[in-house]
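Architecture at a glance
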Amino acid sequence: MDFSIKVGAPENQKSSCIVVGQLEDKKLLPSAASVDRASKGYLSKLVASGDLTGRAGTMTMLHHVPWVTAERVLVMGAGKSGELGEKTYRETVSRAVRALGDGAIVHAHLYVTEFPVTHKDEAWRAAQAAQMVADATYRFDRMKSKPASARKLREVSLGVSARPSAMLVRSWERGTGLGAGVSLAKDLGNLPSNVCTPTYLADQAQQLAKAYKLKVQVLDEKDMARLKMGSFLAVTQGTREPAKFIVLEYNGAKAGAKPVVLIGKGITFDTGGISLKPSGEMDEMKYDMSGAGSVLGTLKAVAQMRLPVNVVGLIPTCENMPGGNAIKPGDVVTSMSGQTIEILNTDAEGRLILCDALTYAERYQPEAVIDIATLTGACVVALGNVATGLYSNDEALAKDLLDAGMDAWDRAWRMPLWDDYHEQIKSPFADVANVGGRPAGSVTAACFLSRFAKKFKWAHLDIAGTAWRSGKDKGSTGRPVPLLTNYLMRKSA
Ligand code: BES
Ligand code: MN
Ligand code: ZN
């Protein structure tokens, strides 16, 4: 998809379709009003006849409007004046783009920054629109023998009547950069585990490094053994697929500036291991590398935007399989930190690979460390598919992430790490157990991780409920790339 900004009156655009808006009190938004004047009241007549109501959720495609150069005018209902919220705006733009994507439209102009979203400025509206375009036109048909019929939509322009501010241009560009990062995360998530292996993720990291001049290093199992990553290696010992530890560095700020370290859980398939999962919906465990995908997606977005920040991405990646050599319940392993772990359930493997990555992160003397993981089914029970679970040992970091998520409409909700919960992961045989029973399963998983994150400001995002959608629209969401990228954007401002 090509993205651009087009300046000028909407009625004069050579376009397959221009998208304009109307409020429910019948008021045409500026570009719709401009089209109305040019067409000698064509739209007003439709308003008078009740064909155009402006109700949120409505959409009317008009063809060959008189004295309008564009072949089509799509009028979107924007709801009651003063009541257009973030969610409705996103849905409205998304619905418009979906309608465009289905038809014969090649080039569309969106006059959507004039939609009066409450509490959000034009810059926000432009960035969100770019993301909605990327989101609504995303397709994953790489695994089909014949791709679905090619889409005609090639170019989407942000339409503005006057010369746009530098801020607006930058926001639109950042929105497209973020869209590219989100799409990468979606692709990696949607790929099946027989394609998206740890080796594949390492190749992707290498390609990203090449394209954006990042520093990359891929450690193999020998390197991990040398580093004494006993916990990570325990998880991978049941599979034939080689594990990788990926280190990616983006240096956009001056040398010496402390980096933000992002750690992504990269279990390319989670069978549960010897504590085998039931077979229903087990296919969805190909998404258990979504944390890793979000780290690669965020680095792509950040690099494309050339943000002045330093970011390190760490990805421990392997499969969790049963096998003759697999870890067994009751086994005790020694993590890179020196802490011993009693593995009571081999299905609680995410924390076992993340803990060694957390210890590895110490060497960067990081500004902050954020791990992202499809960690617990319990988080889905707690927060559903709406909010990502956020845990942190630092108030300011927690607030920054919550705010970034709220603004990017990729929301998180804070959960506790109180001492009381640590009681549940005590072990009679080792320093800590890897599970804490059924109650508060997402919290005890985070408590486990916190024991390896004492040397820096740390946050943990449990994305088990938000990284992908199940059911008929099954697919990766690319979350929390928007939250993370927005956090880094705000940090660099
Ligand atoms: N990857 C899963 C978590 C998960 C399950 C995410 C379902 C999304 C949907 C994780 O490795 C896991 O298996 N966790 C266990 C932990 C339990 C054994 C303490 C879980 O949530 O059941
Ligand atoms: Mn598991
Ligand atoms: Zn898992």
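Data block above holds the structure.
Predicted model, so just to flag it, every value in this text is computed and none were measured. (Residues numbered from 1 in each chain as written. Chains lettered and ligands numbered in written order. Predicted model: local features only at pLDDT ≥ 70, side-chain atom pairs only at ≥ 80, totals over all residues. Heavy atoms only, no water.)

Around the zinc ion (ligand 3), the donor atoms from the protein are K265 (NZ), D270 (OD), D288 (OD) and E349 (OE), and they sit 2.0 to 2.4 Å away. All donors of the zinc ion (ligand 3) belong to a single chain; written as a sequence motif, their spacing is K-x4-D-x17-D-x60-E. In this structure the manganese ion (ligand 2) is found 3.2 Å away from the zinc ion (ligand 3), and D270 serves as a bridging donor for the pair. Here K265 is found in the loop between β9 (260-264) and β10 (266-270), whereas its partner E349 is found in the loop between β13 (340-343) and α10 (350-361), with 84 residues between them in sequence. (Donors = N, O, S within 2.8 Å, 3.2 Å for Na, K, Ca; no water. Helix = DSSP H or I, 4+ residues; strand = E, 2+ residues; numbered from the N terminus.)

Sheet architecture is open: 6 strands sit in the order β1-β6-β5-β2-β4-β3, paired in mixed fashion. Strands at the two margins of the open sheet, each flanked by one partner only, are β1 (2-7) and β3 (59-63). The mean inter-strand angle of the sheet, taken between neighbouring strand axes irrespective of direction, is 25 degrees. Across 5 bridges, β3 lies against strand β4 (residues 72-77) in antiparallel orientation. Looking across to β4, one finds that M59 is bridged to M76. The strands touched by helix α3 (residues 86-102) within the sheet are β2 (17-22), β3, β4 and β5 (107-110), with β4 carrying the most contacts at an inclination of about 150 degrees. (Pairing = 2+ DSSP bridges. Axes fitted to C-alpha atoms, helices over the stretch in contact; angles between N-to-C directions. Contact = heavy atoms within 4.5 Å.)

Moving on, we get to the nonpolar core. L262, L296, I370 and Y487 are the most contacted members of the largest nonpolar core, which totals 56 residues. If we skip the residues at most four places from it in the chain, L296 touches L184, L188, L201, Q204, A205, L208, L248 and I315. Counting residues in hydrophobic clusters, the runner-up holds 50 residues, among them F232, Y360, A446 and W458. (Core = buried A, V, L, I, M, F, W, Y, C linked by side-chain atoms within 4.5 Å. Buried < 20%, exposed > 50% of the residue type's maximum accessible area, 1.4 Å probe, protein only.)

A few words now on the coordination of the manganese ion (ligand 2). Listed as protein donors to the manganese ion (ligand 2) are D270 (OD), D347 (O), D347 (OD) and E349 (OE); their distances from the metal cover 2.1 to 2.2 Å. Each donor residue of the manganese ion (ligand 2) lies on the same chain, and together they follow the pattern D-x76-D-x1-E.

So, on to the sheet that holds strand β12 (residues 331-334). Ordered in space as β12-β13-β17, the 3 strands form an open sheet in which the pairing is mixed. Both edges of this open sheet fall to β12 and β17 (432-433), since each of them pairs with a single strand only. For β12 and β13, the ladder comprises 4 bridges, and the chain directions are antiparallel. Bridge pairing in β13 links T334 to T340.

Moving on: the pattern of salt bridges. Charged atoms that come close allow side chains of opposite charge to pair. Applying the stated rule across the entire model yields 23 salt bridges. Where R98 meets D135, a salt bridge forms, and the shortest distance between an N and an O atom there is 3.9 Å. Here the residue R98 occupies a position in helix α3, and D135 occupies one in helix α4 (residues 122-136), the gap between them amounting to 37 residues. Of the residues examined, R98 reaches a relative accessible area of 42% and is grouped as partly exposed. A relative accessible area of 26% means that D135 is categorised as partly exposed. Here D473 ties to K472 by a salt bridge, and the two come within 3.4 Å at their closest N and O atoms. Its relative accessible area of 49% is what places D473 among the partly exposed residues. (Salt bridge = Lys/Arg side-chain N within 4 Å of Asp/Glu carboxyl O.)

Turning our eyes to something else, we now look at helix α6 (residues 198-212). An ideal rise of 1.5 Å per residue puts 21 Å on 15 residues; α6 measures up with 21 Å between its terminal C-alpha atoms. Within α6, the full set of buried residues consists of P198, Y200, L201, A202, Q204, A205, L208 and A209. Where α6 is buried, its residues meet α5 (166-190), β7 (215-219), β8 (244-251), β10, α9 (290-305) and β11 (310-320). Once α6 ends, the next one or two residues include K213, with phi positive near 55 degrees. (Expected span 1.5 Å × (residues − 1).)

Another point: the site of ligand 1. Around ligand 1, the structure places 16 residues, and the nearest of them are K277, D288, D347, E349 and G377. Contact distances for ligand 1 include 3.3 Å between a nitrogen atom and a backbone N or O atom of T374. Measuring from a nitrogen atom of ligand 1, one finds a backbone N or O atom of L375 at 3.4 Å. Expressed as a share of its isolated accessible area of 510 Å², the protein-covered part of ligand 1 is 77%. Among the residues making up the shell around ligand 1, the classes are represented as 5 nonpolar, 4 polar and 7 charged. (Near = heavy atom within 4 Å. Polar contact = N/O pair within 3.5 Å; in protein donor to acceptor, adjacent residues only side chain to side chain. Areas by Shrake-Rupley, 256 points an atom, 1.4 Å probe, with all protein chains shown as cover. Nonpolar A, V, L, I, M, F, W, Y, C, P; charged D, E, K, R; others polar.)

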